[in-house]
Amino acid sequence: QRLKAAVHYTVGCLCQDVAEDKDVQFSKQTIAAISEITFRQCDIKEYFLILCRHAKRSTVTTEDVKLLARRSNSLLKYITQKSEEISSSNMEQKEKKKKKSSAAKEGRTYGEQEAAVTENEDSNMA
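Residues numbered from 1 in each chain as written. Predicted model: local features only at pLDDT ≥ 70, side-chain atom pairs only at ≥ 80, totals over all residues. Heavy atoms only, no water.

### Some words on the pattern of salt bridges
Under the definition given, this model contains 4 salt bridges. Ionic pairing is found between E36 and K4, a salt bridge with its closest N-O pair at 3.2 Å. In this pair, E36 is assigned in helix α2 (residues 28-42) and K4 in helix α1 (residues 2-22), connecting sequence segments 32 residues apart. Residue classification places K4 among the partly exposed residues on the basis of a relative accessible area of 32%. By sharing partners, the salt bridges in this structure join K4, E36 and R40 into a single network. (Salt bridge = Lys/Arg side-chain N within 4 Å of Asp/Glu carboxyl O. Helix = DSSP H or I, 4+ residues; strand = E, 2+ residues; numbered from the N terminus. Buried < 20%, exposed > 50% of the residue type's maximum accessible area, 1.4 Å probe, protein only.)

### Description of a positive patch on the surface
Positive charge collects at one region of the surface, where K94, K96, K97, K98, K99 and K100 lie side by side. Topologically, K99 is positioned in helix α5 (residues 73-106). For K99, a relative accessible area of 36% translates into the label partly exposed. (Patch = residues over 30% accessible without salt bridge, like charges linked within 9 Å, V, L, I, M, F, W, Y side chains within 5 Å. Areas by Shrake-Rupley, 256 points an atom, 1.4 Å probe, with all protein chains shown as cover. Lys, Arg positive; Asp, Glu negative; His and termini not counted. Charge placed at Lys NZ, Arg CZ, Asp CG, Glu CD.)

### A few points about the confidence of the model for the chain
Any region with low pLDDT has predicted coordinates that should not be read closely. The share of residues in the chain with pLDDT of 70 or more is 79%, and the mean pLDDT across the chain is 79. For the chain, helix α6 (residues 110-125) is the element with the lowest average pLDDT, namely 50, and α1 is the one with the highest, namely 91. (pLDDT = per-residue confidence, 0-100.)

### Topic: unusual backbone geometry
If you check the backbone angles, D23 has positive phi at about 55 degrees while not being a glycine. As for its placement among the helices and strands, D23 is situated in the loop between α1 and α2. Residue classification places D23 among the exposed positions, given a relative accessible area of 70%.

### Considering α1
Given a rise of 1.5 Å per residue, 21 residues ought to cover 30 Å, and the 30 Å separating the end C-alpha atoms of α1 matches this to within 8%. Those residues of α1 lying buried are V7, V11, G12, C15 and A19. Mapping the buried residues of α1 onto a view down its axis gives an arc of 140 degrees, with all of them on the same face. Across from the buried face of α1, at angles greater than 90 degrees, the exposed residues are R2, Y9, E20 and D21. (Expected span 1.5 Å × (residues − 1). Arc of directions from axis to C-beta.)

### Some words on the nonpolar core
V7, V11, C15, I31 and F39 together form the largest nonpolar core, which totals 5 residues. Secondary-structure elements contributing two or more residues to this core are α1 and α2. Per-element tally for this core: the top contributor is α1, with 3 residues. Residues in contact with V11, not counting those within four places in the same chain, are I31, I34, S35 and T38. (Core = buried A, V, L, I, M, F, W, Y, C linked by side-chain atoms within 4.5 Å. Contact = heavy atoms within 4.5 Å.)

Shown next, in the form of structure tokens:
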């Protein structure tokens, strides 16, 4: 039931985004119908469980979601794009944490280390 509510909420948010972009409106009945179709089409619980069991895992991965979305090229493209954005954001955060921890080990502040890196890059360019 909670999963169904989450799907309904997400569909509502997506419909609102589309409505703003395309200058159209969606009725509550339309959003409910799209939510129900989405939920039935994916039959999320069973597919995810089957995929995880088949792969001998207990965690649903991004690849599982992409596998389910492959029937809809636009949905697959959207999920892939968002997945890549999240991955790159995570990588940037990891890099920042690495820099902070190495700066702390050297006794410098993060800002001082960034300035040193910038100076080093500038001298390499010259």
